[in-house]
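Summary of the model geometry
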Amino acid sequence: MALFRLKGPRFLGPNVYPEAPDGGWGWVVAVAFFLVEVFTYGTIKSFGIFLQDLMKEFGETNTRVSWSVSICVFVMTFNGPLSSIMTNRLGFQLVVMIGGLLISSGTIATSFVSSINQVYITYGLIAGLGYCLTFLPTVTILSQYFTSRRSLVTALASTGESLSMFALAPAFSALRDHIGWRHTMAAIGALQAIIIICGALLRPIIIKPRATHETETDRLSPKELDTNTQENVEGTNPEDSMTNKISFEPNASHSLDNELTRDSVGTGDSGVQCLKDTDNSSPEETLVQKEVRLEMEKKTDEVKRSKDSDKQVRKDEGKKSGDEKLSAKNSKLLDFSILRECSFIFYSLFGLFATLGFFAPQLYIIELSVSRGVERDHATYMLSTMAVAEILGRFSIGWILSQNQFRKKKLLVLLACVITMTVVLVGFTLVTEFYGLAVCCALYGFFMGTLACTHIPMLAEDDVVGIERMSSAAGVYVFIQSFAGLAGPPLGGVLVDVTQNYGSAFYSCAIGMALSALFLGLVKPAKKGLLCRKRNSKCCEDTLEVKEDSEEKSGVDKPDKRTDSQENC
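Note that this is a predicted model, so its numbers are computed, not measured. (Residues numbered from 1 in each chain as written. Predicted model: local features only at pLDDT ≥ 70, side-chain atom pairs only at ≥ 80, totals over all residues. Heavy atoms only, no water.)

**Thoughts on the packing of helix α2 (residues 26-39) against helix α9 (residues 150-157)**
Geometrically, a packed helix pair is captured by the angle between its two axes and the distance between the axes. The condition that has to hold: Lines fitted to C-alpha atoms define the axes here, with helix axes fitted over just the stretch in contact, and angles between the N-to-C directions of these axes take values from 0 to 180 degrees. Under the scheme used here, helices are H or I runs from DSSP no shorter than 4 residues and strands are E runs no shorter than 2 residues, and both carry numbers assigned from the N terminus. Whether two residues are in contact is decided by their heavy atoms: any pair within 4.5 Å suffices. Classification used: nonpolar for Ala, Val, Leu, Ile, Met, Phe, Trp, Tyr, Cys and Pro, charged for Asp, Glu, Lys and Arg, polar for all others including Gly.
Close contact between α2 and α9 brings their axes to 8 Å; oriented N to C, the two are set at 40 degrees. Contacts from Trp27, Ala30, Phe33, Phe34 and Glu37 in α2 reach Val153, Thr154, Leu156 and Ala157 in α9. A per-class count over the contact of α2 with α9 returns seven nonpolar, one polar and one charged.

Okay, structure coming up:
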């Protein structure tokens, strides 16, 4: 820490803490994540205000125009591993800034298109890739700045998506009525350039334990060590002083006898003679002896310093080699070994099936309400009800998971929300009036908010993956989710076309959510090794063999640690 204070903190440099600060610069990262949510997921969900304009402009059907949003969402989630690769290689700041540039340029380019196929490229591919490069790195680094407050801060920051859908969508709609959809699209692209600034604020965090800092500061203070050694020499026992006189006074006696013979070597007899001389020595002789003794002490201190410096160089070399090993591990652009963990596989299957229920309700709720006898003007309030309830759900789940009694039971809380959401999706198919649908929309929006702001940050928990491997795990997790996000709305549409009933789409969502609850319930048992014990034992044996090989090469025998590791396995 002293080194960083001397150098002074750089504006865009890393922050060094002995542990996760649960605040500090993390609050700036939380504000940046809030703005990223506003201009990524918030604008994607608000893109529907341009559907009718695009249909009239290019003479296309609703299906072909809606594919622009589907392609954008698919590209954003499918390229999750690419986001992890670029983050591990380039860092959080540069990747998010590149993503913000792609989003802004893609959205502005959409205002100049002349066909719907060009919209697929500008908004679906370019902007979709930018969305991918901004969301995952931001939520990952936010999780690194917080531990006990992680759930609450993530929930509060993720409300930007809901607030954007609730407030900015009507504002963009009014702006479109005044200046047209092309100029409005260009204005949105200009506002999305704020993401570039948010990316610059994502200062990386480095965790260095306090013990390492203490050792570093001890090594950086040799003067204090020298003063301590001098004090110890001056305050030695009489016997030690006599031995010092034995070793140093031969030269002193020669200097008193003759200055020309000062460099001569004293013999054993001269040493005995020096002892006799010291007993009958004059004050002048004792002063000279003290000067000689101090000179020899300085020489011995220099020898000690050289030895200490050699030891420090060896330790530094060992540290460098250890850092090189760690950097070699971290240099993996994408850690696919995460797929060997049963807990992550089950959690990914949970995200895969839960995504089936994320998009279809917002897409079909208006038509379902109209088919149940609700006027179309009143049916549009269902989406507003979902948005407001989703904000409340994000606040509530953040507060609940930050409580001490729920910090170690986060998976159980999430499982309860998934089960309740399954029941609510079934309820959509049973109610037949406006107020019943409004209650279902409120409950759905509430529990949708609890899931939307927790399912990715939950990867940082030790019951799933852990904060060390979250960056690679998030990319693989979102990549698996992408297939359900692309297939969910079309699957609901096929069921509606076959049955001529919009409630069938909600049945498919309920079935997917029920399967996700099943896999989520298996995550913690798999993490404890109850479901994949054989695989874990094999992994332990492999790690033991690697440790034995490294110990044989280094020549260090550690039988106790080996037996302990076997017991842990």
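**Remarks on the nonpolar core**
Rule in force here: Joining through side-chain atoms within 4.5 Å is the link that ties buried Ala, Val, Leu, Ile, Met, Phe, Trp, Tyr and Cys residues into a set, and such a set is a nonpolar core. When a residue's accessible area, from a 1.4 Å probe over protein chains only, is under 20% of the maximum for its type it is buried; when over 50% it is exposed; and in between it is partly exposed.
In this structure, Tyr347, Phe350, Ile365, Phe428, Leu459 and Leu520 are the most contacted members of the largest nonpolar core, which totals 112 residues. Excluding residues that lie within four positions of it along the chain, Leu459 makes contacts with Phe344, Tyr347, Val464, Val465, Gly466, Met470, Ala473, Ala474 and Tyr477.

**Things to note about a nonpolar patch on the surface**
Keep this limit in mind: Two joining distances apply to patches: 9 Å for like charges and 5 Å for nonpolar side chains (Val, Leu, Ile, Met, Phe, Trp, Tyr), and every residue must have over 30% relative accessible area and no salt bridge. To measure how exposed things are, a 1.4 Å probe is used in the Shrake-Rupley method; for residues, cover is taken only from the protein chains shown. One side-chain nitrogen of Lys or Arg within 4 Å of one carboxyl oxygen of Asp or Glu is enough to make a salt bridge.
Together, Ile121, Leu125 and Ile126 make up a nonpolar patch on the protein surface, roughly 240 Å² of accessible area in all. Its place among the elements puts Ile126 in helix α8 (residues 116-145).

**Quick notes on the confidence of the model for the protein chain**
Detailed conclusions should not be drawn from predicted coordinates in areas where pLDDT is low. Our working definition: For every residue, the pLDDT score states the predictor's confidence, bounded by 0 at the bottom and 100 at the top.
Here the protein chain shows a mean pLDDT of 74. Residues at 70 or above account for 68%. In the model of the protein chain, helix α1 (residues 2-7) stands out as the element of lowest mean pLDDT, 38, in contrast to helix α7 (residues 92-110), which has the highest, 95. The low-confidence segment residues 227-285 (pLDDT under 50) makes 32 contacts with residues lying over four places distant or belonging to another chain.

**Remarks on the pattern of salt bridges**
Within the structure shown, the criterion is met by nine salt bridges. The partner of Glu341 in a salt bridge is Arg469, and the shortest N-O contact between them spans 2.5 Å. Residue Glu341 is found in the loop between α17 (283-330) and α18 (342-354), and its partner Arg469 is found in the loop between α23 (434-452) and α24 (470-499); the two are separated by 128 residues along the sequence. Between Glu390 and Arg394 there is a salt bridge, with the nearest N and O atoms lying 2.8 Å from each other. In this pair, Glu390 and Arg394 both sit in helix α21 (residues 381-401), four residues apart, roughly one turn of the helix. Side by side, Glu390 and Arg394 carry an identical accessibility label, which is buried. Among the charged side chains, a salt-bridge network with shared partners connects Asp53, Arg176 and Asp177.

**Topic: empty space enclosed by the protein**
Cut-off, in case you're wondering: A cavity here means a set of 1 Å grid points, computed over protein atoms only, where a 1.4 Å probe fits but cannot escape. A pocket is an open set with protein on both sides within 12 Å along at least 5 of 7 lines, and lining residues have an atom within 4 Å of a point. Grid points are joined across faces, edges and corners, and a volume is the space filled by probe spheres set on the points.
One pass over the full model with this rule turns up five cavities of 30 Å³ or more. Each pocket or cavity is described by its volume, and for the largest cavity that value is around 390 Å³. Tyr41, Phe135, Ala452, His455 and Ile456 are, among the 26 residues lining the largest cavity, the residues nearest its centre. When contributions to the lining of the largest cavity are tallied by element, the ones reaching two or more residues are α2, α3 (41-45), α5 (62-78), α8, α23 and α24. Broken down by class, the residue content of the lining of the largest cavity amounts to 16 nonpolar, seven polar and three charged. Of the pockets and cavities examined, the second largest cavity occupies roughly 70 Å³. Along its surface, the second largest cavity is lined by Arg150, Ser151, Thr154, Leu401, Lys410, Cys453, Thr454, Pro457, Met458 and Glu461. If you tally residues by element for the lining of the second largest cavity, the top one is α9, at three residues.

**Overview of the side chain of Ser164**
Our working rule: Any pair of nitrogen or oxygen atoms within 3.5 Å is treated as a polar contact; in protein, a donor-acceptor pairing is required on top of that, and neighbouring residues in sequence qualify only through side-chain atoms on both sides.
Mapped onto the secondary structure, Ser164 falls in helix α10 (residues 159-179). Since its relative accessible area comes to 1%, Ser164 is described here as buried. Among the polar contacts made by the side chain of Ser164, one reaches the main-chain carbonyl oxygen of Val38 at a distance of 3.3 Å.

**Some thoughts on the packing of aromatic side chains**
Just so we agree on the cut-off: Aromatic rings from Phe, Tyr and Trp, taking only the six-membered ring of Trp, are treated as a pair when their centres fall within 6.5 Å; an angle between ring planes under 30 degrees marks them as stacked, one over 60 as edge-to-face, and anything in between as tilted. Two thresholds decide whether a charge sits over a ring: the Lys NZ or Arg CZ must be within 6 Å of the ring centre and within 35 degrees of the ring normal.
Inspection of every chain in the model, using the stated rule, returns 20 aromatic pairs. Here the aromatic rings of Tyr123 and Tyr131 are separated by 6.4 Å at their centres, their planes lie at 75 degrees, and the arrangement is edge-to-face. Classification of Tyr131 as buried rests on a relative accessible area of 0%. Between Tyr347 and Phe350 the ring centres are 5.2 Å apart and the planes differ by 55 degrees, which places this aromatic pair in the tilted class. Of this pair, Tyr347 and Phe350 are both found in helix α18, three residues apart, which corresponds to roughly one turn of the helix. Relative accessible area serves as the criterion here: at 0%, Tyr347 is assigned to the buried category. Chaining the aromatic ring pairs together yields one cluster made of Phe47, Phe50, Tyr123 and Tyr131. Seen from the ring of Trp25, Arg203 lies directly overhead, with NZ or CZ sitting 4.9 Å from the centre.

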